[in-house]
Amino acid sequence: MGRLKTLLCFLLLLGFTSGEELQIVDQAEFIKLITEEHYVVALFCPSGSLERCEEFEGELTSIREDMIDVMDGDGWVVKLMDSPLVEEYAVGKTEQPVIVMFRKGLPVIYDGPANEEIMLETLVRYKEPGVQELTDSTFEHQTQAATGATTGDWLVMFFTTNCHLCHRLTATMENLACKHRGRMNVARVNKETYGEKTGRRFELGLEDKPDIIFFRLGKMYRYKGDKYDPETLSSFMTSTYGDQAAEDIPLPKSPLSDLLQLCLDYLSAYPLLVGACLCVPILLLVAFLLIMRSDEDEPKARKTKKKKKEEQKEKRESKKDK
């Protein structure tokens, strides 16, 4: 009987201990989870910050059941140790624990404190995506940037398909959109595909880098910092945008101006290629002129020879007459 009680106590203790820890997954398991599951909350823990990780893990464990209930039972809460994948979702401050929630694969960073009430309220509020995708046909209609911005303030990131940093900023932009939902708007524009005319409107060029602009009350403010963490960009939206020069929002370009800007963008981005393309027609023109000139010189040469023969013939005839 005593042994049975000891065994039961051991099992209860084991269950209690395992309940205080999150399931650790490897990279392959993690990718499968975010690909197949509706909601996944991942705690990325660096081994150099284990004490801080334990704080976040304890709070996540305490809200795990409530959070899964809110997610209609379709949710996972896991932990990854020293995973390089954290660099794909967080830009900067990855030496500290990072919490990322995936909604059908779309990431959003949690940048709040290790407090169970705040964590649960924030993650539930972040359930729905917040970033809007804008194109040439929807940008002005949605933002009304040039007509007074009656739809509110907008933080817009212009990106290219091959910009790795832009893709890494997906979770940060979602954080800003969810955090300021109902007060400000956050959007993305692909400046080389469906938003290329809008990109040329603001003369952003074709470089593979994020161009972040804040539109407020008929003015625009370009972000020129080198930090892309949620805290820094959120401060830019609420206060530090005023440290940048306020610019008038340009109207959409006319077809001719847009074509000229396109040429300037390509000349700036690919000077050697554009130079080579310009050299080809110039060389063809020079070759054509040389050919035409040689064709003109040839009849003259023939005419000169004929004239000499006629002069020699006249001289001979004149000698005969004498």
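Preceding this section is the structure that the text describes.
Residues numbered from 1 in each chain as written. Predicted model: local features only at pLDDT ≥ 70, side-chain atom pairs only at ≥ 80, totals over all residues. Heavy atoms only, no water.

A short note on the sheet that holds strand β8 (residues 185-190)
- Overall, mixed pairing links the six strands, which are arranged β6-β8-β7-β9-β10-β11 in an open sheet. Taken across any chain shown, the strands that pair with only one partner, and hence form the sheet edges, are β6 (132-134) and β11 (247-248).
- The sheet contact formed by strand β7 (residues 154-159) and strand β9 (residues 211-216) spans five bridges and is antiparallel. In the strand pairing of β9, Val156 is matched with Ile213.
- Across the sheet, helix α7 (residues 170-179) lies against β7 and β8, angled at about 145° from β8, the strand it touches most.
- Sheet strands in contact with helix α9 (residues 230-238) are β7, β8, β9 and β10 (219-222), and its direction is about 30° off that of β9. (Pairing = 2+ DSSP bridges. Helix = DSSP H or I, 4+ residues; strand = E, 2+ residues; numbered from the N terminus. Contact = heavy atoms within 4.5 Å. Axes fitted to C-alpha atoms, helices over the stretch in contact; angles between N-to-C directions.)

Observations concerning the nonpolar core
- Core analysis: the biggest nonpolar cluster contains 22 residues, and Leu155, Met173, Val186 and Phe214 have the highest contact counts within it.
- Those elements that provide at least two residues to this core are β7, α7, β9 and α9.
- Formed by 20 residues, the second largest nonpolar core is a distinct cluster that contains Leu22, Val41, Leu123 and Cys178. (Core = buried A, V, L, I, M, F, W, Y, C linked by side-chain atoms within 4.5 Å. Buried < 20%, exposed > 50% of the residue type's maximum accessible area, 1.4 Å probe, protein only.)

Quick word on the state of the cysteines
- For the structure shown, the criterion picks out one disulfide.
- Disulfide pairing places Cys163 opposite Cys166 at an S-S distance of 2.3 Å. With the S-S bond torsion at 80°, the cross-link from Cys163 to Cys166 turns out right-handed. The burial state of Cys163 is the same as that of Cys166; both residues are buried. (Disulfide = S-S within 2.5 Å.)

Regarding the sheet that holds strand β2 (residues 39-45)
- If you walk across this open sheet you meet the five strands as β1-β3-β2-β4-β5, and the pairing is mixed. Every other strand in the sheet has two partners, leaving β1 (23-24) and β5 (106-110) as the edge strands with one partner each.
- Pairing geometry for β1 and strand β3 (residues 75-81), over two bridges, is parallel. Residue pairing for β3: Ile24 is matched across the bridge by Lys79.
- Here helix α3 (residues 50-70) sits on the sheet and contacts β2, β3, β4 (98-103) and β5; the angle it forms with β2, its principal contact strand, is near 165°.

Observations concerning a nonpolar patch on the surface
- Residues Ile24, Leu50 and Met81 make up a contiguous nonpolar surface patch of roughly 260 Å² in combined accessible area.
- You can see Ile24 is positioned in strand β1. (Patch = residues over 30% accessible without salt bridge, like charges linked within 9 Å, V, L, I, M, F, W, Y side chains within 5 Å. Areas by Shrake-Rupley, 256 points an atom, 1.4 Å probe, with all protein chains shown as cover. Salt bridge = Lys/Arg side-chain N within 4 Å of Asp/Glu carboxyl O.)

Comments concerning the pairing of β9
- β9 sits mainly inside the fold: five of its six residues count as buried.
- Of the pairings in the sheet, the one linking β9 to β10 comprises four bridges and is antiparallel in character. Each residue of the ladder has a partner; that of Phe215, found in β10, is Met220.
- Linking β9 back to β10 in an antiparallel pair, the connection comprises two residues, with Leu217 at a positive phi of about 50°.

Comments concerning α9
- Among all positions of α9, only Pro230, Leu233, Ser234, Phe236 and Met237 are buried. What you see down the axis of α9 is that its buried residues fit within an arc of 155°, all on one side.
- Those residues of α9 that are buried lie in contact with β5, β7, α7, β8, β9 and β10. (Arc of directions from axis to C-beta.)

Points about the packing of aromatic side chains
- Applying the stated criterion across every chain, the model contains 15 aromatic pairs.
- Measuring from centroid to centroid gives 6.4 Å for Phe30 and Tyr89, while their planes differ by 75°, and the two rings are edge-to-face. Residue Phe30 is located in helix α2 (residues 27-36), and its partner Tyr89 is located in the loop between β3 and β4; the two are separated by 59 residues in the primary sequence.
- Using a relative accessible area of 0% as the deciding quantity, one classes Phe30 as buried.
- We classify Tyr89 as buried; its relative accessible area is 14%.
- Pairing Tyr89 with Phe102 gives two aromatic rings, centres 5.0 Å apart and planes at 85°, and the pair type is edge-to-face. With Tyr89 in the loop between β3 and β4 and Phe102 in strand β4, this residue pair connects regions lying 13 residues apart in the sequence. Accessibility classification places Tyr89 together with Phe102 in one group, the buried group.
- Taken together, the aromatic side chains of Phe214, Tyr221, Tyr223, Tyr228, Phe236 and Tyr241 make up a single cluster linked through ring pairs. (Phe/Tyr/Trp six-rings, centres within 6.5 Å; stacked < 30°, edge-to-face > 60°.)

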